[in-house]
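# Examination of the molecular architecture
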Amino acid sequence: MKDNKYSAKYALIYTFLVSGILLTPLFFYFVYMKNIHSIQNELFLKEKSLLVVKAMEEFNQDDEYFEYPRFKTFQSGLYDEGFHPIFTLIDTPINYFKEGYYLEGNNAYLIVTLPKERYFGARYLILKNEISFAPVYEKVFIILFTIVVFVFILSLFFLGSFAKPFQRINKQLDNFIKDSMHEINTPLSIINVNIDLYNRKYEQNKYMQRMKAAAKVLSNIYNDMDYLIKYERLHHEKKDIDLAEFLKERIEYFNEVAKMKNIQINASIQECGMVYMNDKELQRLIDNNISNAIKYSYENSNIDITLFRKNEKCHLSFKDYGVGIEKVEKIFSRYYREDSSKGGFGIGLNIVKAIIDKENIELKIESLPKQGSLFIYTFPKKKTN
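Read on for an overview of the structure.

Criteria and thresholds
Residues numbered from 1 in each chain as written. Predicted model: local features only at pLDDT ≥ 70, side-chain atom pairs only at ≥ 80, totals over all residues. Heavy atoms only, no water. Disulfide = S-S within 2.5 Å. Helix = DSSP H or I, 4+ residues; strand = E, 2+ residues; numbered from the N terminus. Buried < 20%, exposed > 50% of the residue type's maximum accessible area, 1.4 Å probe, protein only. Contact = heavy atoms within 4.5 Å. Pairing = 2+ DSSP bridges. Axes fitted to C-alpha atoms, helices over the stretch in contact; angles between N-to-C directions. Phe/Tyr/Trp six-rings, centres within 6.5 Å; stacked < 30°, edge-to-face > 60°. Lys NZ or Arg CZ within 6 Å of the ring centre and 35° of its normal.

### Considering the state of the cysteines
The full count for this structure, using the stated rule, is 1 disulfide. Here Cys272 connects covalently by a disulfide to Cys314, the sulfurs 2.0 Å from one another. Across the S-S bond linking Cys272 and Cys314, the dihedral sits near -135 degrees, which makes this disulfide left-handed. Of this pair, Cys272 sits in the loop between β7 (264–269) and β8 (274–277) while Cys314 sits in strand β10 (residues 313–320); the two residues are 42 residues apart in sequence, bridging distant segments of the chain. The exposure class assigned to Cys314 is buried, which follows from its relative accessible area of 4%.

Below is the structure:
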């Protein structure tokens, strides 16, 4: 489904580009067809003017009166030297007189010069009709529509054909990642369970603590990858979550990871009420911030985590005293890492950005290189029924 949307999206782009390129010759074709249509109308009026002149020539002076010819398709009239009407069927005023054929809005005029004193004292025969370019517009629209449809179908076909090998490879890669994630989860769970069992039976030692911390780091990476793979396929149910209690649990989880670098997590947590969101998404938000704070902090430093309520909103901040951030605007890009030596895949903050955008959570970042970073999240007011 995603691949079909991709093909349709780029087929539309290519269609607009090609159609835009073709608009120039189509415009000249449109102008050409309008001129042809206008010339045809001019020939029509000239033909009818001959009919009027012929009718006047055939007039017998012995006849009591001359019946001026009338036509449904155009109007005409006889005018003197000063363009004053002698007899006219033209029911609209003529703004200006120009010998020959000319257009004025939707009206077409043909002014024919007559011999002096030959046709009832008239010097000019003027014919007028309404000219419509609707057939031209219709023809151009049909051509444009045909081009757009044809180009779109061709683009869709070729993009779909070109994309098939990549779709097949992506599907194989996707299946490989899913299988790998499943295979990783099983031994990771076994490691965590066995470390917990060992710590219950024997005294804790620094080696087991390091193994436990490393396993938690792996679990956090696993959870990020698992979320990325499944977030488009699963519907994340929301519920009321006690933010303070949830935060305490996640801090406790990462305490062992922080101890690996001799980092002290200082928590100032006030009761903030409930937030309405999915627990897995809230966990990704908190875990990635704590994990990053530990990863980019200097050894033997502190991390300050604060939760407080202000203006009926929950404010959650993470402050570290580490390497800081040089390019704040780039840190949410997927796979971006400012310091590749710190490890990771650069997907954690990308996930966080997607979650806060989805949940309308505001974020403010303050950071100075070699001094540390501060992330402040402001949760929206909880809606009351």
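So much for the structure itself; the text now carries on.
### Side note on the side chain of Ser317
Position of Ser317 relative to the elements: it lies in strand β10. Ser317 has contacts with Asp304, Ile305, Thr306, Leu374, Phe375 and Ile376, leaving out every residue within four places of it along the chain.

### Things to note about the sheet that holds strand β5 (residues 124–130)
If you trace the 5 strands from one edge of the open sheet to the other, you get β2-β1-β5-β4-β3, paired in antiparallel fashion. This sheet does not close on itself; its edge strands, each paired only once, are β2 (85–88) and β3 (100–104). The average undirected angle you get between the axes of adjacent strands in this sheet is 20 degrees. As defined by bridge partners, strand β1 (residues 75–79) adjoins β5 across 5 bridges and the pair is classed as antiparallel. The residue of β5 that forms the bridge with Ser76 is Leu127.

### Looking at the packing of aromatic side chains
Inspection of the entire model under this criterion finds 16 aromatic pairs. Here Phe66 and Tyr68 contribute two aromatic rings whose centre-to-centre distance is 6.4 Å and whose plane-to-plane angle is 85 degrees, an arrangement assigned as edge-to-face. Centroid distance Phe141 to Phe145: 6.2 Å. Interplanar angle 20 degrees. Geometry classified as stacked. Taken together, the residues Phe141 and Phe145, both in helix α2 (residues 134–201) and 4 residues apart, mark about one turn of the helix. On the basis of relative accessible area, Phe141 is assigned to the exposed category, the value being 56%. Clustering of aromatic rings is evident, with ring pairs tying together Phe59, Phe66, Tyr68, Phe87 and Phe120. The ring of Phe133 has Lys34 lying over it, and the distance from NZ or CZ to the ring centre is 4.7 Å.

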